[in-house]
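Inside the fold
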Amino acid sequence: MSTEVTDTTPAAAPPGKKGAGSGDGLLRLMLDGMRRNMRQYGMLIALGLIVALFAVWTDGDLLLPRNVSNLVLQNSYILILAIGMMLVIIAGHIDLSVGSLTAFVGSMAAVFMVKNDIPWPVAVLLCLAVGALAGAIQGWFIAYGGIPSFIVTLAGMLTFRGLTEIFLEGQTLGPFPKGLQKVANGFMPEVGPETNYHNLTLLLGFALIALVVLQEVRDRRRQKEFDLDVLPAKLFALKLVALASAVLVVTLLLASYKGAPIVLLILGALLVGFGYVMRNAVIGRHIYAIGGNLPAAKLSGVRDKKVTFLVFLNMGMLAALAGLVFAARFNAASPKAGLNFELEAIAASFIGGASMSGGVGTVLGAIIGGLVLGVLNNGMNLVGIGTDWQQVIKGLVLLAAVGFDVWNKRKVGS
C-alpha cells in the first residue's frame, strides 16, 4: 500500500504578480501604466515640471492670478491654430499658410469694420467665410489636384502675405469696435453675491471637474467592455485626483482675479467639440485612417479626397478665427501680424504628441503643446532671458519632443 505525499510548500507567485498587493506591486503597476501611456502623459508631466520650475525661478510670479489670465489671453490665437494644425498633421499633411492667412483675415476685418463701418457681428461672419474659402481653395488643390500640401500652403503663405500688404497699403489700421475687443480681451460678467472669487468662474470650474471625471469613468468603462487595456484602479483614481486638482487650481487662480476670459470659453468649446469629433464621429476616425495608412483607408471605403478637403477648409476657418482674436486683442490690423504663427502651431502639435508620419495625435495634446510653449515664453520673459536664447530653448524643446516620440516608437516596436 502506497502513501500519497502532499507538498505543502506555498506555490511561487507567477512572474509579474509577486507582491501585487504590496507597495512594490502598486509601484510596478503604476510604472507599467505610465510606460504603456507615455505618449499621453509625457507632455503633461513635462508641462507640470516647466510650471514648477518657473514658479520657483520667478518667486511665484508665474502663478499670480493676473499672470495666469494674461497667459491665456497671450496664447489664445496660437492654441486655436494648434487645434486645426493637429487635425492637418494627423491627416498626414502640413499647412504653412496659417500665419499669413491670420494676417489676411485681420486686414479684411479692418477693411470691413473700420473703413466700411459694417457691424462687427456681420463682419466676423464674413471673415470666417473668407477663411473657410481660402482653406477650401487650398484643400481643393491638395485633395483633388494632387499637389503636395507643402507646396500649396507655401504658395498660400506668400499669396496671403502679399494680399495683406495690398489691403492695408502697408499701414496699420484700427481701432476695432468695443464689442469685438471684448471678445479677445474681456472677461465673464460678475453675478451672484459679493465674494472673494468670481462666482460664475467657480461654477464653471466645478462643472468642468464633474465633466472630466464623468468622461474618464465612461471611457474606462467602454475600454473594459471591449477588453482593452486600462489603467489599474489605484492609478486611475490617482489620475482623476490629479486632473481634478489641476482644474481646481486654475479655476481658483482665474476666479481670484477677474474671472475666466471670454476667449477661454471659445477655446473650451473648440476643445470639447473637436475632441468629440475626433473620438466619436465618423469623420474623425477617417482623418486618423488616411493619416495612418492611406492605401488601407481607401480600400476600406474612406473618401480620402473629401476628408482632406474638409480638413483644410476647417483649418482656414480656425485661422480666420485666430486672426480675428489677434487683431481684436491688439486693436489693429498690421501687415506684420501672424509672423511665425504657423511655426508655433506646428511646434505645439508635435510637442503635444503628433507624429510626422500622421495618424497620431489628439486635440488635447495640441492644447498641452501650446501651453508648454506659452509657459516657456512667459516664464523666460519674467526671468529676463533674451529673445535670442528663447528661440534656442524653444528649438531644443521641439527637438527633444520629436526625439522622444521617435524613441518611444522604437521602444514600443522592440
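These figures come from a predicted structure and were not determined experimentally. (Residues numbered from 1 in each chain as written. Predicted model: local features only at pLDDT ≥ 70, side-chain atom pairs only at ≥ 80, totals over all residues. Heavy atoms only, no water.)

If you walk through the whole model with that rule in mind, you get 10 aromatic pairs. Ring centres of Tyr77 and Phe326 lie 4.9 Å apart, and the angle between their planes is 85°; this geometry places the pair in the edge-to-face category. With Tyr77 in helix H3 (residues 65-90) and Phe326 in helix H13 (residues 304-330), this pair connects stretches of sequence that are 249 residues apart. A single burial state applies to Tyr77 and to Phe326, both of which are buried. (Phe/Tyr/Trp six-rings, centres within 6.5 Å; stacked < 30°, edge-to-face > 60°. Helix = DSSP H or I, 4+ residues; strand = E, 2+ residues; numbered from the N terminus. Buried < 20%, exposed > 50% of the residue type's maximum accessible area, 1.4 Å probe, protein only.)

Its 27 residues give helix H8 (residues 199-225) an end-to-end C-alpha distance of 39 Å, which sits within 8% of 39 Å, the value for a rise of 1.5 Å per residue. Residues of H8 that are buried include every one of Asn199, Thr201, Leu202, Gly205, Ile209, Glu216 and Arg220, and no others. Lining the buried residues of H8 we find helix H9 (233-255). Remark: Asp227 follows H8 within two positions and exhibits a positive phi of approximately 55°. (Expected span 1.5 Å × (residues − 1). Contact = heavy atoms within 4.5 Å.)

It is worth spelling out the pattern of salt bridges at this point. Applying the stated criterion to the full structure yields three salt bridges. Of the charged contacts, one joins Glu216 and Lys239 as a salt bridge, the two residues approaching to 3.0 Å between their closest N and O atoms. Taken as a pair, Glu216 in helix H8 and Lys239 in helix H9 lie far apart in primary sequence, 23 residues in all. Across the pair Glu344 and Lys394 runs a salt bridge, and its minimum N-O distance is 3.2 Å. (Salt bridge = Lys/Arg side-chain N within 4 Å of Asp/Glu carboxyl O.)

A surface patch of nonpolar side chains, amounting to about 780 Å² of accessible area, comprises Leu133, Ile137, Trp140, Phe141, Tyr144, Ile147, Phe150 and Ile151. When residues of the nonpolar patch are traced back to their parent elements, those giving at least two are helix H5 (120-143) and helix H6 (149-168). The residue Ile147 is located in the loop between H5 and H6 in this model. (Patch = residues over 30% accessible without salt bridge, like charges linked within 9 Å, V, L, I, M, F, W, Y side chains within 5 Å. Areas by Shrake-Rupley, 256 points an atom, 1.4 Å probe, with all protein chains shown as cover.)

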